[in-house]
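# Residue-level structure breakdown
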Amino acid sequence: MVDKMPLTARAIVIEGHQASESGYDFLCNSNNKVNNAFTIEKFKAIVPENVEKELQRLKIRWNYPWQGAQQDLKTGLKKSAYPTTNPLARIACALSHYKLWKACYVIGKPILIMEHDAFFTQRLQPFYSILDDKRFDIIGLNAPLGNTRRAQIFLERRDHGDWDDQLKRQITDIDVVPVPTIDNFDVPQGLAGNSAYIIKPNGAKNLLLAVQENGLWPNDAIMCKQLIPRMGVTKGSFTDTQKIASTTT
């Protein structure tokens, strides 16, 4: 059983950016409103002007297309370009997540990673039940609708998968189920958006290795079930997004 200490929670915030800072305030207010037993601290986001320096310092490279789609021969996955007006902002976002994965691995404890536009819709309690679930190293908390592609399929397969017969017990919101399959194998598939997820040290290790081997992709693309094992989502949704203007698109 995990040590009964407050959950380490970090929100990626662009320092001095009005929308990002106000989004973080809204997130913290929602955290207090649902009476979660932890606080959310700011993590200073990587900004576009520091991308090249950070890539060099971390000794990683960006390896994802900006237009069209490419079949990646090493992984067998199709890498499809994201709508992006500022490519450096897209890389900066991925680097911010990457640095938190690295921090998780270094400290050897789970971290709840959030983006500034996330907010809580219900209390994450008891979060120790999630942390103690040995089947999963990365666990998404987000509502699918409005936050991921093929959201209705994701929701239906999350809630009515064949895991029911395997667990042989009543499923509650806090239970974790495998990330559902919503597309062909060659399409990266993962969490319902990467704005709120718990990552454990072993999940962080697998992500760091994936980036070293394949290069850095958008964080929600490299964090896919085809490359990263032991990924799950909570049966219930604990977070959603504020639908504020994106800082990457």
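Overview of the structure. (Residues numbered from 1 in each chain as written. Predicted model: local features only at pLDDT ≥ 70, side-chain atom pairs only at ≥ 80, totals over all residues. Heavy atoms only, no water.)

### Thoughts on helix α3 (residues 87–107)
If you check α3, its first and last C-alpha atoms are 31 Å apart, about what 21 residues at 1.5 Å a residue would give, namely 30 Å. Every buried residue belonging to α3 is among A89, R90, I91, A92, A94, L95, S96, H97, Y98, L100, W101 and C104, and all of these are buried. Directly beyond the C-terminal end of α3, a positive phi value near 70 degrees is found at G108. (Helix = DSSP H or I, 4+ residues; strand = E, 2+ residues; numbered from the N terminus. Expected span 1.5 Å × (residues − 1). Buried < 20%, exposed > 50% of the residue type's maximum accessible area, 1.4 Å probe, protein only.)

### Here we look at the sheet that holds strand β2 (residues 40–44)
What the 7 strands build is an open sheet, ordered β2-β1-β5-β9-β7-β10-β8; its pairing is mixed. Looking at which strands have only one partner, the edges of the open sheet turn out to be β2 and β8 (176–178). Geometrically, the sheet is characterised by an average inter-axis angle of 30 degrees between neighbouring strands, direction not taken into account. Of the pairings in the sheet, the one linking strand β1 (residues 8–13) to β2 comprises 5 bridges and is parallel in character. Each residue of the ladder has a partner; that of R10, found in β2, is E41. On top of the sheet, helix α7 (residues 201–214) reaches β7 (138–140) and β9 (196–199); it is set at about 100 degrees to β9, its chief contact. (Pairing = 2+ DSSP bridges. Axes fitted to C-alpha atoms, helices over the stretch in contact; angles between N-to-C directions. Contact = heavy atoms within 4.5 Å.)

### With respect to unusual backbone geometry
The peptide bond linking Q125 to P126 adopts the cis configuration, its omega dihedral lying at -5 degrees. You can see P126 is positioned in the loop between β6 (118–120) and α4 (127–131). In this model, K59 sits at a positive phi of 60 degrees, which is unusual for a non-glycine residue. Counting through the fold element by element, K59 comes out in the loop between α2 (51–58) and β3 (69–71). For R230, which is not glycine, the phi torsion reads 60 degrees and is therefore positive. Among the secondary structure elements, R230 is positioned in the loop between α8 (219–222) and β10 (231–234).

### A word on the pairing of β9
Side chains A196 and I198 of β9 all project onto a buried face; the interleaved residues Y197 and I199 project onto the opposite face, where all are buried too. As defined by bridge partners, strand β5 (residues 111–115) adjoins β9 across 4 bridges and the pair is classed as antiparallel. Along β9, the bridge assignment pairs L112 with I198. Here β7 runs beside β9; their pairing, made up of 3 bridges, is antiparallel. Bridged to G140 within β9 is Y197.

### Thoughts on the pattern of salt bridges
Inspection of every chain in the model, using the stated rule, returns 13 salt bridges. Here R135 and D133 are joined by a salt bridge, their closest N and O atoms 2.7 Å apart. A salt bridge links D240 to K243; the nearest nitrogen and oxygen atoms lie 3.1 Å apart. Look at K243 and you get exposed, because its relative accessible area is 51%. Salt bridges here are not isolated pairs; linked through shared partners, they connect E54, R57 and K99. (Salt bridge = Lys/Arg side-chain N within 4 Å of Asp/Glu carboxyl O.)

### Looking at the packing of α3 against α7
Between α3 and α7, the shortest axis-to-axis distance is 8 Å and the interhelical angle comes to 130 degrees. Classified by the angle between their axes, α3 and α7 sit oblique to one another. Taken as a pair, α3 and α7 cross one another with a handedness that is left-handed. Contact residues: α3 offers Y98, W101, K102, C104 and Y105, while α7 offers P201, A204, K205, L207, L208, V211 and Q212. A class-by-class count of the residues in the contact of α3 with α7 yields 9 nonpolar, 1 polar and 2 charged. (Parallel < 35°, antiparallel > 145°, perpendicular 65-115°, else oblique. Left-handed = near helix turned anticlockwise from the far one by under 90°. Nonpolar A, V, L, I, M, F, W, Y, C, P; charged D, E, K, R; others polar.)

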